[in-house]
Structures are given as structure tokens and as C-alpha cells.
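Each chain, written out:
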Amino acid sequence: MVFSSILFLFYFLPLFMVFYFVFPDKYRNGVLFLFSIIFYAWGEPGYIWLILISTFVDYVCGKEIHKNLLKNDRISARYFLLVSILFNIGMLSFFKYSDFIITNINSLMDISIPLPGVALPIGISFYTFQTMSYTIDVYRGEAKVQNNAVSFGAYVSMFPQLIAGPVVRYGTIARELTDRSLSLMDASNGVRRFILGLGKKVLLANNIGLVWESISSTSSGSLTTAGAWLGMLAFGLQIYFDFSAYSDMAIGLGKVLGFSFPENFNYPYMSRSITEFWRRWHISLGVWFREYVYIPMGGNRKGLGRQILNIFTVWILTGVWHGASWNFVLWGIYFGLLLVMEKVWVLRILDRLPKLATRVYTLFLVIVSWVLFSHDSLIEGVYYLRTMFDFSGPLLDGGTIYIFYTNFAIILAAIIGSTHFPKWTWDKIQNSEGLWSIMENVFTMIVLVFSTAFLVDQSYNPFLYFRF
Amino acid sequence: MKDKIRLTLVSLFMVLVSILNLLVPSKSFSNTENRYLQLLPEFGIEELFSGEYAESFQIYSTDQFPFRDFWIRLKTAADLVTLKKDNGRVYFGKDDFLFEVEPPFNLDIIMGNIGYILEFADSLEERETGFNVVLIPSKEAVLDGFLPDYAPVPDESLIFDTLKDKSGEAFKVINLLNVLKNEDDEYIYYKTDHHWTSYGAYKAYSFLGSELGFEPLGMNDFKKLQVANDFLGAVYRKANLYTGTPDTMEVYKNIHVEILEIKIDGAFSGKDIYYGEYLDSIDKYSYFFGGDHGVVDIETTSDSGKELLIVKDSFSNSFVPFLLEHYSRLVMVDPRHLGGDMSELIEEINPDEVLLMLNTENIAYSRILGVLAR
């Protein structure tokens, strides 16, 4: 199930809310766990055991780690930590990477092991990372052990952030998991955040997505230079609004339920370096890799050589985390390379350049990175890049003009929306007048109503010919 | 205060819609979409675990959404307000013209259909039956001046050129594009439907006389009747929002010739090719012949003695009435609805001539002509 669907908004969510708020405090984790399982199982009931086993294994490992640490038996504690990590990595590898690994082994050794062809279970990339954060933090003594299986299950399967993050480290919400307060103010702010996220997804991301879709479906021979740039602009805006919208909806829902999830995006397209970009984009994943890979490997404390190795390790992992194919590996290496270069000398140059120049520099490199990201096939990606920078071929065609002028308003809204400008302006005027608070609610309702309209429209499917 | 109001408004909206969901009775058929809607799926353990229940329920949740048409109209209105010229299904053209947004051509389908036409032509040549092909261009191709500026449409000349090229001298391939384009300031296509008007069909008829060997009648030989002025066609249904005036529908009734009898798929069905009851329905274009049928066999009082078999689609339903004067027997065959074998049918009817007259889009998007080679 996805948030941006009639099914979620008008069936699942109201039903869940009624149960959640009607039941007394101590049953709420149970309600949350149960509904999360329904949410998870809706599309693929066959995988329901997966999340249950995952919950069970990490719950038991966490308890064992804690018990052994109390007995000062670090070896046994370490053993259970290893079990947990191997289990999670193993599960992720099997479900996400087995086809990719076997395909490569096959082509490398010229054999043909049949592909298992397993479907990727939703959210697996997120909840395996979350459960690992739990056992690792318990081992490190940074988090308390969870002695209630239902509460732990609610954490692992929590539907607000199950499918698209943020990656909530256990420590962040450990306290709220056992003792959280609900407030009308939080709920109301959470609702606003959720609706704005819904609007970002349904009204902006989906529509900008259509621009990218029509450009990427152009046969590569007839793609023009301007078309290629428009396509990448659209893709960059789509992926930002899509992804950050999911985070907004998750954070908003979390607030309503009494959880505070970490922020995941902070106007990344305003960044003035790639280093800054990655501090503003998918923050929770960056934090995860920093805490559990980069720093344990020594971070920057073991000399520049080692630091560079650590950066590349993190970025290759970040790359494949996004998808099981070579273009994501390359995409990760691309960013690793840029980050190392910035660390060594580019940042010093950027410091001396005017703001605008550093923003252009960052956006340019990010847009190029989206070409790698959006093309599974490297050949197609390279061809696309060549079209972008080939100013001798056809520059512009009617189709591109049509897409541009008919989507101009949406593209403009998205560009403005990806800066902090609207929020900055809003905060300014909001402080000045009472009338604006009415406007805010009016605006929120408009976003909700139009998002509903766009969602209903997706199902409009006129069948034009009789008996056909 | 602001927070309370927000929470109340949003909760009210959600609860209201959810309650309406429960209260508004389900509809089993949508007239605007012309399809059956998903009803509440029956719950079963097996369906649950196969994912079938989830899928049906998902479709049910949108198909039965309260005031569904209103929401869809609202979405399209939002598109138009944000300066879009299409809503993904329909272009909102100039002078209130609506056009379908067509996907790019699939060459496999086109080449496949052309192959079937060539096979068909071969078999007709063997039995020395005359054969001609007429391609009816789509509204987008003829009225391209009324499309939104730069709106991309597939290039239909590809179909005509390929077919012409492959036909060699064996049969004539006639393109109506230029004939109709010359009339593009006249009312030759409906604004809200993809079909041509009777006037458009008349123009094609006048032109085809010299190509197919008959003397076309003048306007005065027909009695012009307006049968509807509230026609909202198939493209309107796709758009679901229209700010112009509805189309008018006219017919040209031949005053010289009469129909002796009509057989539809072998059964006698009177002498009238016009089905008035459809004028009250949403599908007004089916006024002509009551829509598409497998085989419509018409005998007329024409003294020409000629017999013509037309492989046709819905465009011909408003075109064939003009031909009644020139053929003693007219057999309309719709390849999409033909049950039996084409070769048997030709054998049985033994026409003097065969005419294949199809809209380019029907050749481009579905493998409908396989039946010709059977």
C-alpha cells in the first residue's frame, strides 16, 4: 500500500486512527503493530513472515546481547550481534541482490546459473537498516534493550516510514516507543505536514514525472539537446519531490502518533557544494552510513589515505543500496570521487567563489549524477549524456517545446518549491497577521482536495469502443 | 485556535468522504467511461493470499469513490488552469476541438496489418476481384491546425507510404488526407468525437467517385436532417470536461434510392440504417447502423447491378449511406467483429469489388486485420 492512494487515505488511515486513539495508551503499540502488518501484507501477503521473522531474530539478539553484556561476556554478546548483522545483510542480499550477483557471476565465468527472480519485498532496504541500528546500539550501550516484543515489532514494521524512510535509528525513538505523549498541537502540525507531503507527491512529483516519462520514452535517436536537459531537470525535481514528500508524510504521521522522526531533507538543491548536498539529501541514510560504517572504519582519524578508502567504501555501499545494478555502483563512485576531491582542494576554491557560482557548480554535478541514476543501462546513460553535451546535433524540436510550455507552471512551481524561499516568506508574513493563519488552513484544504482529485483521476479509464 | 480548526477541517473531510464511501450505493456500470466498475470484492482466504483481493479492493476504492466524475473534472480543470493543453488523455485544442492523445506507433503492429492487407490483396487478385484501399486520416492529422501548438502526434504518412510502396501496381491506395485538409475550415470532424461528420464523409464520397468508378450525387440529391444538437462524443468522455457547445449531428438521406432489405450477421433487420433510439443514449454515433456489426448485408433498389464488399470500421457507418445509389448490394464487414473466415465470406458473397476503408489509427494500434488472411 502507498500513502498516495485512495485506499490508504480513505479506508486504511481513518480506520487506523479510530483504533489508535480509542484504545488506551498501553495498547497503542499493539494497534500500530497490527495495522503495520496489514499495511505491509496488503500488496504481497506472501512476505508477511519475513517481517515477523526479522522482528523475532533482532528482538532475541537484542535481548541476548544485553544479557551477555550484563554478565560481562563480550564474546557472546558479539556473537549475537554478528548473528543479527549477518541475518539482516543476508536477507537484504538474497532479496535485493541475488539476481544482480548471479548475472555477473554468469557473465564473468561464462556459465548460466538460473536466476532466482525473487520480487523485492517492500521496505526491506529500510527495515533491515533500522533493525541493525538497534542491535548495534544495544551492543554499544547506546540504546536500552527493548523487553516488549510488541513494542519492538511496532518499531520494525512501523507503517509511516516502512516503505520509504526516513531510516529511523532505534535510539531516536526508543523513549517514545514506551512512553509518548499525544498533543493536539503536534497532531495538527503533523496533519499539515502530511497533507503538504501528499500535495508534493501527487500534485508536483507525479506531474513532473510525466515530463520525464515522455522525454525518456522518446527514442534515443530523436532526443534533442534541449529535450535531454529538460528531461534531467524534470527527473531531478521528480525524485526530490517524490522522496522528500514521502519523508514529509512519514514525519507528519509520526507526529500525529506521538513520534518524532528525524528530518530527511533540507533543501538539498540550495547546496553550495556536493559535500553540503549530501548533508541535506536523504540525511537519515547518510547518518546511518556515517555511524555504522564510516566511523567504525576509522573515519578521518587514521590518515588521509585511510579516510579516502573509507569514503569510497561508504559511497559504493550507498550506490548499491539504491539499486542492484552497475549504474548505481558507478553513481556511488562518482559521488565518492567528488567528495574526496572537495575534501582535498575543491572546497577551498568554492569558499572563494560567489554564492551563485557554487550553486551552479553543485546543481550541474547533481544533474549529471541523475543521468547515471536514471539509466539502468550504462550505454543508454552515456548516450543520454552525450546528447546533453552535443551542441552540433538537433537542439530543439516541437515535442520538447510542447512539453516545456504546457508544463511551465508546474516546473516553475517545483523549482521555487525546492528552495527555502516559500517557507521563508511564509514565516515572515505569518508572524504579522491573524488573517494569514486562516489562509494557511484554506491552503492546506485546497491541497488535500486537489490531491484527492488527482488520485481519483488516475483510475479514470474510459473504454471507448463498444463490445470491444 | 488555528491548529484546532485545521484538525477539525481535515478530520471532517476524511470522515465525511469515508462515510459517503459507505453510504453511496455502488454503481456497476459507468456511462461516461462505458465500462463495468469494480464492485466490493467478495472476501476469501485464497483471494487474500494470492493478492487478488487486495487488487480488486484497490480498484473498488477508486471506482466507487463518491462523486467520482466531479473529482475527475476537478483534476482536468486544474490541468487547464495551470496552462496545460492536455490531461494525459485528450488535447484541448483551438476552437473547442478535442483530440485524443495517441501513444507512439508500434511498427510491429503496423507492419503486421499491412502484411495482412497484402495477403488479402493477393487472394483477391487470384479470383480476379477488384480491390482498392482507402485510408481515412485521423482527426489529428487533418485538423492539425486546431491542435495546441507543437502538440506531438504520430506521423500517419508512414502508414500510407509503406502501404503504397508495397502495393506496387496491384491495387490502388487512396489517401483522403489532402481532400479533407482542403476542407479543414468546414465542419468535417466532430469537436468532441474522433469520427468525421456526415459532411466530412460526404466530401470523401464526392472525391472517391472518380477513384472507385461512380458518379457522385450532388448535395441537392440528399435531404439534410439535423438529428441531434447535444452530441458529446467519445473524446469528450475521455476528457470529462468541455467548455464548448456540444456537437450537432446531421444525416444526408438519399431521396432516389431505397433499401430492399438488410441482414445483420445473417438475421433480417428491417430496412432502416438509422437507429433513432441511440440519439437518446450516450453513444449517439451508433445512430448509424446501430454501431458496428460483423457483417451487414444491404440490398438496394440501385440499378447499377454492382456488388461491393467493404472491409470497414466505424467511420464507414456514416459513409456507406452515400454509396447506396451506386451499388445493388453492399456488404459491410467489420474485421473486429467478424466471427468466421474472410475467405469463406468472399466465396459466398462473390462481390465484384472489394474496398478496404479504414481509419489509420485502427491499422496503427491493434492487430485487427489478421482475420483478412484467414
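What counts and how
Residues numbered from 1 in each chain as written. Chains lettered and ligands numbered in written order. Predicted model: local features only at pLDDT ≥ 70, side-chain atom pairs only at ≥ 80, totals over all residues. Helix = DSSP H or I, 4+ residues; strand = E, 2+ residues; numbered from the N terminus. Buried ≥ 20, exposed ≤ 12 C-beta atoms within 10 Å, placed from the backbone. Contact = placed C-beta atoms within 7 Å. Pairing = 2+ DSSP bridges. Axes fitted to C-alpha atoms, helices over the stretch in contact; angles between N-to-C directions. Nonpolar A, V, L, I, M, F, W, Y, C, P; charged D, E, K, R; others polar. Expected span 1.5 Å × (residues − 1). pLDDT = per-residue confidence, 0-100. Parallel < 35°, antiparallel > 145°, perpendicular 65-115°, else oblique. Domains from an automatic or database assignment. Core = buried A, V, L, I, M, F, W, Y, C linked by C-beta atoms within 7 Å.

(A) Molecular detail of the overall build of chain A. A count of helical and extended segments in chain A gives 19 helices and 0 strands. Along the longest, intermediate and shortest principal axes, the C-alpha atoms of chain A span 70 × 60 × 60 Å. Burial statistics for chain A: of 468 residues in total, 41% are counted as buried. A separation threshold of at least 6 residues defines the contact pool for chain A, and within that pool the share at least 24 residues apart is 73%.

(B) Focus on the overall build of chain B. When its secondary structure is counted, chain B shows 13 helices and 14 strands. Considered along the principal axes of its C-alpha atoms, chain B spans approximately 85 × 50 × 40 Å. Burial analysis of chain B (374 residues in total) assigns 41% to the buried set. Taking contacts inside chain B between residues at least 6 apart in sequence as the whole, the part at least 24 apart equals 69%.

(C) Summary view of unusual backbone geometry. Phi angles above zero are rare outside glycine, and His-282 of chain A is one such case at about 45 degrees. Mapped onto the elements, His-282 of chain A comes out in the loop between helix H10 (274-280) and helix H11 (283-294). Residues other than glycine seldom take positive phi values, yet Glu-128 of chain B does so here, at roughly 55 degrees. In this fold, Glu-128 of chain B is placed in the loop between helix H5 (107-126) and strand E5 (130-136). The exposure class of Glu-128 of chain B is exposed, given the 6 C-beta atoms found within 10 Å.

(D) Spotlight on the sheet that holds strand E14 (residues 353-359) of chain B. All names here are of chain B. In space, the 8 strands of this open sheet follow the order E6-E5-E14-E12-E13-E11-E9-E10, with mixed pairing throughout. Whereas interior strands pair on both sides, the edge strands pair on one side only; in this sheet they are strand E6 (172-175) and strand E10 (267-268). Those strands touched by helix H7 (residues 157-167) are E5 and E6, and its axis lies near 160 degrees from that of E6.

(E) Region of interest: the interface of chain A and chain B. Taken together, the contact between chain A and chain B spans 45 residues of the former and 49 residues of the latter. Residue contributions to the side of chain A that touches chain B peak at 12 residues, all from helix H19 (residues 435-457) of chain A. Here the residues of the side of chain A that touches chain B sort into 30 nonpolar, 11 polar and 4 charged.

(F) Fine view of the environment of Tyr-127 of chain A. By secondary structure assignment, the location of Tyr-127 of chain A is in helix H5 (residues 124-140). Every residue in contact with Tyr-127 of chain A, bar those within four places of it in the chain, is listed here: Ile-51, Ser-54, Val-156 and Leu-162 of chain A.

(G) Summary view of helix H3 (residues 52-63) of chain B. With 12 residues, H3 of chain B extends 16 Å from end C-alpha to end C-alpha; this agrees with the ideal 16 Å at 1.5 Å per step. When we look at burial in H3 of chain B, the residues that qualify are Ala-54, Gln-58, Tyr-60, Ser-61, Thr-62 and Asp-63 of chain B. Here the buried face of H3 of chain B lies against helix H1 (6-22), helix H2 (28-43) and H19 of chain A.

(H) Main features of H11 of chain A. Where H11 of chain A is concerned, the buried positions are Ile-283, Ser-284, Leu-285, Trp-288 and Tyr-294 of chain A. Buried residues in H11 of chain A make contact with H5, H10 and helix H12 (304-322) of chain A.

(I) Main features of the confidence of the model for chain A. Mean pLDDT for chain A: 89, with 97% of residues reaching 70 or above. Contacts of residues 464-468 of chain A to residues separated by more than four positions or lying in other chains number 5 contacts, the stretch itself having pLDDT below 50.

(J) Spatial organisation of the packing of helix H4 (residues 74-109) of chain A against H5 of chain A. Residues and elements named next belong to chain A. Running from N to C, H4 and H5 point in directions that differ by 170 degrees, and their axes come no closer than 10 Å. In terms of axis orientation, H4 runs roughly antiparallel to H5. Contacts between H4 and H5 pair Ala-77, Leu-81, Ser-84, Ile-85, Asn-88, Met-91, Leu-92, Phe-95 and Lys-96 from the former with Ile-124, Ser-125, Thr-128, Thr-131, Met-132, Thr-135, Ile-136 and Tyr-139 from the latter. Looking at the contact of H4 with H5 residue by residue, the classes come out as 10 nonpolar, 6 polar and 1 charged.

(K) Structural context of the domain arrangement of chain A. Residues and elements named next belong to chain A. The domains assigned to chain A are domain 1 (6-180) and domain 2 (186-417). The gap between the C-alpha centroids of domain 1 and domain 2 is 26 Å. In this complex, domain 1 contributes 22 residues to the contact, which on the side of domain 2 involves 20 residues. When residues in the side of domain 1 that touches domain 2 are grouped by element, the largest group, 5 residues, is from H5. Residues belonging to the side of domain 1 that touches domain 2 are distributed by class as follows: 12 nonpolar, 5 polar and 5 charged.

(L) Inspection of the environment of Ser-216 of chain A at higher detail. Tracing the backbone through its elements, the reader meets Ser-216 of chain A in helix H8 (residues 184-216). The spatial distance from the C-alpha of Ser-216 of chain A to the C-alpha of Thr-131 of chain A is 37 Å, given a sequence separation of 85 residues.

(M) Here's a closer look at the nonpolar core. Within the largest apolar cluster, 205 residues are counted, with the highest numbers of intra-cluster contacts made by Ile-208 of chain A together with Ile-310 and Leu-330 of chain B. Residues contacting Leu-330 of chain B, with those up to four places away along its chain left out, are Ile-298, Leu-308, Ile-310, Val-320, Leu-323 and Leu-324 of chain B.

(N) How the structure looks around the pairing of E14 of chain B. Residue and element names in this part refer to chain B. Across the 7 residues of E14, 6 count as buried, placing the element largely inside the fold. Both E5 and E14 contribute to a ladder of 7 bridges, which runs parallel. Within E14, the position partnered with Phe-131 by the bridge is Val-354. When strand E12 (residues 307-312) meets E14, the two strands line up parallel, connected through 5 bridges. Residue pairing across strands places Val-311 opposite Leu-356, the latter belonging to E14.

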